[in-house]
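# Reading the structure
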Protein chains: 2
Amino acid sequence: MEEKNMCPVDYAVNLLSGKYKLRILHALLQESPQRFKVLERRITGISPTMLTSQLRELEKDGLIGRTIFATVPPTVEYNITSVGQSTLPMLNEIYKWGLAHQSDNLKKN
Amino acid sequence: MEEKNMCPVDYAVNLLSGKYKLRILHALLQESPQRFKVLERRITGISPTMLTSQLRELEKDGLIGRTIFATVPPTVEYNITSVGQSTLPMLNEIYKWGLAHQSDNLKKN
DNA sequence: CGGAATCCCTGAAGATACTG
DNA sequence: CAGTATCTTCAGGGATTCCG
């Protein structure tokens with residue numbers, strides 16, 4: 001993908017698009033670290049496969065971190081990074097807008 | 001799609017996902033109204049087909065308006081609505097974050 | 001000019017089964 | 001527990017053609 005001279009909005013969208021990425025970030029912004037299984041339970045409807053792939057991409061882009069503990073059974077924790085933390089104001093605005101517009105639509109029905 | 005009891009973030013994402021929607025909103029937030037052809041030139045790389053479909057969805061969701069003038073050749077203007085205007089703080093945060101993170105990555109290379 | 005209609009294709013996402 | 005490996009499905013998006 002072309003990353004030079006790219007619109008910052010598109011850049012952000014590219015990193016954050018993915019059906020569950022914002023919800024994962026949201027969950028980790030509320031509590032960090034969290035284990036795989038806990039995230040799976042919190043992100044309703046997600047499959048382990050999808051959770052893994054979304055976590056991998058978020059990790060690659062530096063938004064979250066991953067720590068493995070050599071226990072039996074295995075323990076893996078995911079934590080929000082400082083970059084991930086920096087998405088908070090953006091997520092808040094998205095949340096606020098969604099909330100307002102969502103109720104707009106409910107009024108119509 | 002299930003719209004009740006939906007996460008506001010997901011609600012916003014659903015309305016705004018679409019490869020060019022944010023760029024169209026961005027263009028109309030800078031200048032409104034604008035004609036089809038002008039938008040087509042400003043949204044680099046978009047095809048007329050895609051522009052039409054994205055505009056239709058934005059219109060359906062109340063973010064933009066559409067006015068037809070019975071001239072020859074036909075004139076159609078698209079304008080931002082008050083709901084569309086309300087996305088400005090959100091878009092600004094997305095833009096700011098994209099800009100910051102984009103330069104983070106450039107430093108690494 | 002500003003579309004509509006059509007066809008096609010890829011990549012995101014879902015389901016299933018298995019493993020260190 | 002926390003994944004990996006495959007297969008399949010499907011809708012977003014692209015290209016092309018035609019029209020009032």
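All of the points below concern the structure found in this document. Quick caveat, the model's predicted, so the values are computed rather than measured. (Residues numbered from 1 in each chain as written. Chains lettered and ligands numbered in written order. Predicted model: local features only at pLDDT ≥ 70, side-chain atom pairs only at ≥ 80, totals over all residues. Heavy atoms only, no water.)

### Overview of the overall build of chain A
The following threshold applies: Counting from the N terminus, the helices are the DSSP runs of H or I reaching at least four residues and the strands are the DSSP runs of E reaching at least two. Relative accessibility under 20% of the residue-type maximum defines a buried residue, over 50% an exposed one, and the middle range a partly exposed one, all with a 1.4 Å probe and only protein chains included. Computed by Shrake-Rupley with a 1.4 Å probe, the accessible areas treat only the displayed protein chains as cover when residues are assessed. Residues counted as positive are Lys and Arg, residues counted as negative are Asp and Glu, and His and the chain ends are not counted. In plain terms, the charge of a residue is placed at NZ if it is Lys, CZ if Arg, CG if Asp and CD if Glu.
A tally of helices and strands in chain A yields six helices and three strands. In sequence order, the secondary structure elements of chain A are arranged as α-α-β-α-α-β-β-α-α. Projected onto the principal axes, the alpha-carbon positions of chain A cover approximately 55 × 40 × 25 Å. Sorting the 109 residues of chain A into buried and exposed places 42% on the buried side. Accessible surface, chain A: about 6,200 Å² in total, of which carbon and sulfur atoms supply 55%. Computing the positive centroid from 14 side-chain charges and the negative centroid from 11, chain A places the two 7 Å apart.

### Here we look at the protein's contact with DNA strand C
Here is the rule we go by: When at least one non-hydrogen atom of a residue lies within 4 Å of a molecule or strand, that residue is treated as near it. Nitrogen and oxygen atoms within 3.5 Å of one another constitute a polar contact, given that in protein one can donate a hydrogen and the other can accept it, and given that sequence-neighbouring residues count only through two side-chain atoms. Here the nonpolar group is Ala, Val, Leu, Ile, Met, Phe, Trp, Tyr, Cys and Pro; Asp, Glu, Lys and Arg are the charged ones; every other residue, Gly included, is treated as polar.
Around DNA strand C, the surrounding shell holds 18 residues, and the nearest of these are Lys19(A), Lys37(B), Thr52(B), Arg66(B) and Tyr78(B). Within 4 Å of the protein, the contacting atoms of DNA strand C are 85% sugar and phosphate, with bases supplying the remainder. Side-chain polar atom of Arg56(B) to a phosphate oxygen of DNA strand C: 3.1 Å apart, as the coordinates give it. Of all the secondary-structure elements, those providing two or more residues to the surface near DNA strand C are helix H4 (48-60) of chain A together with helix H3 (36-42), helix H4 (48-60) and strand S3 (75-80) of chain B. Tallied by class, the residues present in the surface near DNA strand C amount to eight nonpolar, five polar and five charged.

### Here we look at the relation of the copies chain B and chain A
Selection criterion: Alignment of the copies relies on least squares applied to C-alpha atoms, considering only residues that score at least 70 for pLDDT in both. Throughout, a contact is declared for two residues whenever any of their heavy atoms are within 4.5 Å.
Turning chain B through 180° and shifting it by 0.0 Å along the axis lays it on chain A, with an RMSD of 0.0 Å. Viewed as a symmetry operation, the transformation between the two copies matches a two-fold axis. When the interface residues of chain B are mapped onto chain A, 100% of them again lie at the interface, so the same face is used by both copies.

### Considering the interface of chain B and chain A
Note the threshold: Defined here as a combined quantity, buried area equals the accessible surface (1.4 Å probe) lost by two parts on assembly, summed across both. By salt bridge we mean one thing: a side-chain nitrogen of Lys or Arg within 4 Å of a carboxyl oxygen of Asp or Glu.
Of the residues lining the interface, 28 residues belong to chain B; the matching set on chain A comes to 29 residues. Carbon and sulfur atoms make up 70% of the surface buried where chain B meets chain A, a total of about 2,800 Å² over both sides. Connecting chain B to chain A are two salt bridges. For Asp10(B), the salt bridge goes to Arg23(A), with nearest N and O atoms at 3.6 Å. It is helix H6 (residues 88-108) of chain B that provides the largest number of residues to the side of chain B that touches chain A, a total of 11 residues. A per-class count over the side of chain B that touches chain A returns 17 nonpolar, six polar and five charged.

### Here's the deal with the pairing of strand S2 (residues 64-69) of chain A
Residues and elements named next belong to chain A. Where we set the bar: Pairs of strands are assigned from DSSP output, requiring at least two bridges between the strands.
Relative to strand S3 (residues 75-80), S2 is paired through six bridges, and the arrangement is antiparallel. Looking across to S3, one finds that Ile-64 is bridged to Ile-80. Hairpin connection from S2 to S3: five residues lie between these consecutive antiparallel strands.

### Things to note about the protein's contact with DNA strand D
The immediate surroundings of DNA strand D are formed by 19 residues, with Thr52(A), Arg66(A), Tyr78(A), Lys19(B) and Thr49(B) found nearest. Of all DNA strand D atoms lying within 4 Å of any protein atom, the proportion belonging to sugar or phosphate reaches 82%. Contacts to DNA strand D include Lys37(A), whose backbone N or O atom sits 2.9 Å from a phosphate oxygen. Within the contact set of DNA strand D, a phosphate oxygen lies 2.5 Å away from a side-chain nitrogen or oxygen of Arg66(A). When residues of the surface near DNA strand D are traced back to their parent elements, those giving at least two are helix H3 (36-42), H4 and S3 of chain A together with H4 of chain B. Counted by class, the surface near DNA strand D contains eight nonpolar, six polar and five charged residues.

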